[in-house]
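Descriptive structure summary
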Amino acid sequence: MILVLIGYMGCGKSLIGNDLAAKVSYDYVDLDDYIENQEHKSIKDIFKNNGEIYFRKKETLYLNEVLNTLENAILSLGGGTPCFAGNLEIIKEHPKTKVVYLKTSLDELTKRLFNERNKRPLLAHLKTEFELKDFIRKHLFERSFYYNQADLNVSTDEKNVEQISEEIISSLL
Ligand code: S3P
């Protein structure tokens, strides 16, 4: 099985993905890290030098590549991956995938992302916490259409990594 973690930036995909992989002895792949390794560049530099459209093309290319090579694995996607280029259909049509949406509240995402926004190309231009929250609210609204098509929705607020992993394992593995 390939367990695919989706959700907005800052929802904990990497942290929970690593924890899950260790608990069930699956491989762990983070699509952002995979892209950075293949392109020999950080995501931030890809956005800066080549633009978002180039990034989205590479994201689809490498998503297909990892789905075709992984066996038993946890795969964390970028926040935007399921929302572009038919990527969600590709994932859902794959015979071995299960998709989990890590759902985090707007307040919690704003709190987590405010100090890290400079590392995130889509958020770096937002100056105040108010602007960031407004941006996330609208962005999340657009993206929820895709996120809500997951096989399992797991709310992450007020839960630790351990609790979230156990909830996913007992529901899907
Ligand atoms: C993006 C999320 C990022 C990364 C890129 C674009 C998005 O991944 O793929 O900056 O569109 O939401 P994380 O969700 O892992 O931060």
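Residues numbered from 1 in each chain as written. Predicted model: local features only at pLDDT ≥ 70, side-chain atom pairs only at ≥ 80, totals over all residues. Heavy atoms only, no water.

1. Looking at the overall build of the protein
Defined as follows: Segments assigned H or I by DSSP are reported as helices when at least four residues long, segments assigned E as strands when at least two residues long, and all are numbered from the N terminus. This radius of gyration counts C-alpha atoms alone. The globule rule is 2.2 Å times how many residues there are, raised to the power 0.38. Exposure classes here rest on a 1.4 Å probe applied to the protein chains alone. A residue is buried below 20% of its type maximum, exposed above 50%, and partly exposed in between. Residues are treated as being in contact if the distance between any of their heavy atoms lies within 4.5 Å. Residue burial considers only the protein chains on display, and all accessible areas are found by Shrake-Rupley using a 1.4 Å probe.
The helix and strand inventory of the protein stands at 7 helices and 5 strands. For 173 residues, the compact-globule formula gives about 16 Å, and the C-alpha radius of gyration of the protein, at 15 Å, lands near that figure. Principal-axis analysis of the C-alpha atoms places the extent of the protein at approximately 40 × 35 × 25 Å. Among the 173 residues that make up the protein, the fraction classed as buried is 46%. In the protein, 73% of the contacts between residues at least 6 apart in sequence involve partners at least 24 apart. Accessible surface for the protein amounts to roughly 8800 Å². Of this, 50% is attributable to carbon and sulfur atoms.

2. As for the side chain of Thr 110
Inclusion rule: Two N or O atoms form a polar contact when they lie within 3.5 Å of each other; inside protein one atom must be a possible hydrogen donor and the other a possible acceptor, and for residues adjacent in sequence the pair counts only when both atoms belong to side chains.
Positionally, Thr 110 belongs in helix 5 (residues 106-114). Among the polar contacts made by the side chain of Thr 110, one reaches the main-chain carbonyl oxygen of Leu 106 at a distance of 2.7 Å. Dropping the residues within four chain positions of it, Thr 110 is found in contact with Glu 129, Leu 132, Lys 133 and Ile 136.

3. Side note on the site of the ligand
As a reminder, the rule being used: By convention in this text, a residue qualifies as near a molecule or strand provided that one of its non-hydrogen atoms is within 4 Å of it. Three categories are distinguished: nonpolar for Ala, Val, Leu, Ile, Met, Phe, Trp, Tyr, Cys and Pro, charged for Asp, Glu, Lys and Arg, and polar for the others, with Gly belonging to the last.
Neighbouring residues of the ligand: 14 residues in total, closest Asp 32, Arg 56, Gly 79, Arg 120 and Arg 143. Between the ligand and Asp 32, the relevant distance is 2.7 Å, taken from an oxygen atom to a side-chain nitrogen or oxygen of the residue. Gly 80 is positioned such that a nitrogen or oxygen atom in its backbone is 3.2 Å from an oxygen atom of the ligand. A total of 4 residues in the shell around the ligand trace back to one element, the largest contributor, which is helix 3 (residues 43-69). Grouping the constituent residues of the shell around the ligand by class yields 6 nonpolar, 3 polar and 5 charged.

Shape descriptors only; they carry no functional weight alone.
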